[in-house]
Amino acid sequence: MTDLPTFIAGLPKVELHVHHVGSASPRIVAELAARHEGRSPVPADPEALADYFAFRDFAHFIDVYLSVVDLIRDADDVWLLTHEVARELARQQVRYAELTVTPYSHVHRGIPAPAFCEAIEDARKRAEADFGIALRWCFDIPGEAGLPAAEQTLRIALDQRPDGLISFGLGGPEIGVPRPQFKPYFDQARAAGLRSVPHAGETTGPETIWDALNELGAERIGHGISAALDPALLAHLAERRIPLEVCPTSNVRTRAVASLDEHPLPQLVEAGVPVSINSDDPPMFGTTLNDEYAVAARLLGIGPEGVAALARDAVAAAFLAPAEAARISAEIDAYLAST
Ligand SMILES: O=c1[nH]cnc2c1ncn2[C@@H]1O[C@H](CO)[C@@H](O)[C@H]1O
């Protein structure tokens, strides 16, 4: 009988809510910061980085996030970051990950869209060969940059259409960034076959989640934790089987939730809402996907069987072909049986 952290570490998993730049390891951030020393507020010393990643609130988190985005100057930086992110996920036995990428931010900072897409695609294929992990892309609109960013994100998605692209998202702040204005862009992305996965209900109430469902055609919701405040919404999510991508430590570190013990994950599960457990921006929040499964196990009071069920629920929520989903679920079952 292995202990729970060891069980989680070996468990085959999928990751559905993790941001590309937000996954840069302290080593990579330090390496990039050293290249741009004097021109960036980001410390090159990994120890000082932990303090730099102490967030006063969600708005401060976004400011810091964008300062790290500023460190990524060319297609080689993009390739290195992507390949390293895949290495770290594979180390945690992640078989498949949907990585949220924000092409607008990089194109806006001078990397041409074709070069950006070529870098992530090449890194994706190399990572598959090197680490045996499958990566897919969610291109998200950075909400704080408004409709011009929506327009450009859609254009990049449809013009470049990299093979790994499967979904269209919306990130950044929710306060002052109403979801309905993005409807035309989501309509076009969905018409082109991309799945809809906006963030909603991370830093604002259930109304934002209703808007994401009704206006943006959300098939999964990024975070969605404020659904716990609305019984009708909980019932709707449970009945329609619309999963929430829950990232517990993120919510505490951005101060969306006061403490882990007050996190609504147990209420969401209790209401029958499908959830997946995710890491969001793991080094920035001092966490890993494995840690998030351990946090979820503690909050839900579950052991290995329950944790394996969470891993299977994430597979069910993934935009995977049925045969691939069945293969990873069977791997989870075999692992559980073998421990
Ligand atoms: O937890 C999060 N919520 C919302 N956006 C996030 C989060 N983590 C990273 N980003 C990223 O913040 C940038 C600015 O909008 C986007 O690139 C988005 O992907």
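Basis of the calculations
- Residues numbered from 1 in each chain as written.
- Predicted model: local features only at pLDDT ≥ 70, side-chain atom pairs only at ≥ 80, totals over all residues.
- Heavy atoms only, no water.
- UniProt positions renumbered as here; feature names shortened; annotations may be inferred.
- Helix = DSSP H or I, 4+ residues; strand = E, 2+ residues; numbered from the N terminus.
- Phe/Tyr/Trp six-rings, centres within 6.5 Å; stacked < 30°, edge-to-face > 60°.
- Buried < 20%, exposed > 50% of the residue type's maximum accessible area, 1.4 Å probe, protein only.
- Near = heavy atom within 4 Å.
- Polar contact = N/O pair within 3.5 Å; in protein donor to acceptor, adjacent residues only side chain to side chain.
- Areas by Shrake-Rupley, 256 points an atom, 1.4 Å probe, with all protein chains shown as cover.
- 1 Å grid on protein atoms, 1.4 Å probe; cavity = no way out; pocket = protein on both sides within 12 Å on 5 of 7 lines; lining within 4 Å.
- Sits in = over half its atoms within 2 Å of the grid points.
- Nonpolar A, V, L, I, M, F, W, Y, C, P; charged D, E, K, R; others polar.
- Salt bridge = Lys/Arg side-chain N within 4 Å of Asp/Glu carboxyl O.
- Pairing = 2+ DSSP bridges.
- Right-handed = clockwise from strand over helix to strand, strands pointing away.

- Looking up the protein in an unreviewed UniProt entry gives the name Adenosine deaminase, with the organism given as Micromonospora robiginosa.
- Taken from UniProt, the Sequence similarities (unreviewed entry) comment for the protein reads in full: "Belongs to the metallo-dependent hydrolases superfamily. Adenosine and AMP deaminases family."

### Let's talk about the UniProt feature "domain: Adenosine deaminase" (unreviewed entry) in the protein
Then, number 1: Under the local residue numbering, the UniProt record ascribes the feature "domain: Adenosine deaminase" (unreviewed entry) to residues 12-334.
Then, number 2: In the segment residues 12-334, helix accounts for 51% and strand for 14%; the C-alpha atoms at its two ends are 10 Å apart.

### Quick look at the packing of aromatic side chains
Then, number 1: For the coordinates displayed, the defined rule picks out 9 aromatic pairs.
Then, number 2: Ring geometry for F7 versus Y335: centroids 5.1 Å apart, planes at 40°, classification tilted. With F7 in helix α1 (residues 4-10) and Y335 in helix α16 (residues 322-338), the pair connects residues that are 328 residues apart, well separated along the chain.
Then, number 3: Look at F7 and you get buried, because its relative accessible area is 1%.
Then, number 4: Given a relative accessible area of 17%, Y335 falls into the buried group.
Then, number 5: Summarising the aromatic geometry, the rings of F58 and F61 are spaced 5.8 Å apart at their centres and angled 55° between planes, so their arrangement reads as tilted. Pair noted here: F58 and F61 are both in helix α4 (residues 58-69), with a separation of 3 residues, about one helical turn.
Then, number 6: One aromatic cluster is present, built from ring pairs that chain together Y52, F53, F55, F58, F61, Y65 and F285.

### Overview of the site of the ligand
Then, number 1: Neighbouring the ligand are 16 residues; H19, T102, D140, E144 and D281 lie closest to it.
Then, number 2: The separation between an oxygen atom of the ligand and a polar side-chain atom of D140 is 2.6 Å.
Then, number 3: If the ligand stood free it would expose 410 Å²; the protein chains cover 100% of that surface.
Then, number 4: Here the ligand is seated within the largest cavity.
Then, number 5: At the level of secondary structure, the elements contributing two or more residues to the shell around the ligand comprise α4 and β3 (134-142).
Then, number 6: Split by residue class, the shell around the ligand holds 5 nonpolar, 6 polar and 5 charged.

### Focus on the pattern of salt bridges
Then, number 1: If you walk through the whole model with that rule in mind, you get 20 salt bridges.
Then, number 2: Note that E31 and R35 form a salt bridge whose closest N and O atoms lie 3.7 Å from each other. Residue E31 and its partner R35 are located together in helix α2 (residues 26-35), separated by 4 residues, close to a single helical turn.
Then, number 3: A salt bridge links R155 to E151, with the shortest nitrogen-to-oxygen separation between them at 3.6 Å. Within this pair, R155 and its partner E151 are both found in helix α8 (residues 146-160), separated by 4 residues, close to a single helical turn.
Then, number 4: Look at the salt bridges and you will find they share partners, linking R27, E31, R35, D77, E84 and R87 into a network.

### Description of the pairing of strand β4 (residues 165-171)
Then, number 1: Burial runs high along β4: 7 of the 7 residues are buried.
Then, number 2: Sheet analysis places β3 next to β4, joined by 6 bridges and oriented parallel. Considered in β4, the bridge of I141 is made with L170.
Then, number 3: A crossover connection joins β3 to the parallel β4 through α8; in handedness this β-α-β unit is right-handed.
Then, number 4: Two strands pair when backbone bridges link them, and β4 and strand β5 (residues 195-200) are joined in this way by 4 bridges, in the parallel orientation. Among the inter-strand pairings, F168 is bridged to a residue of β5, identified as S196.

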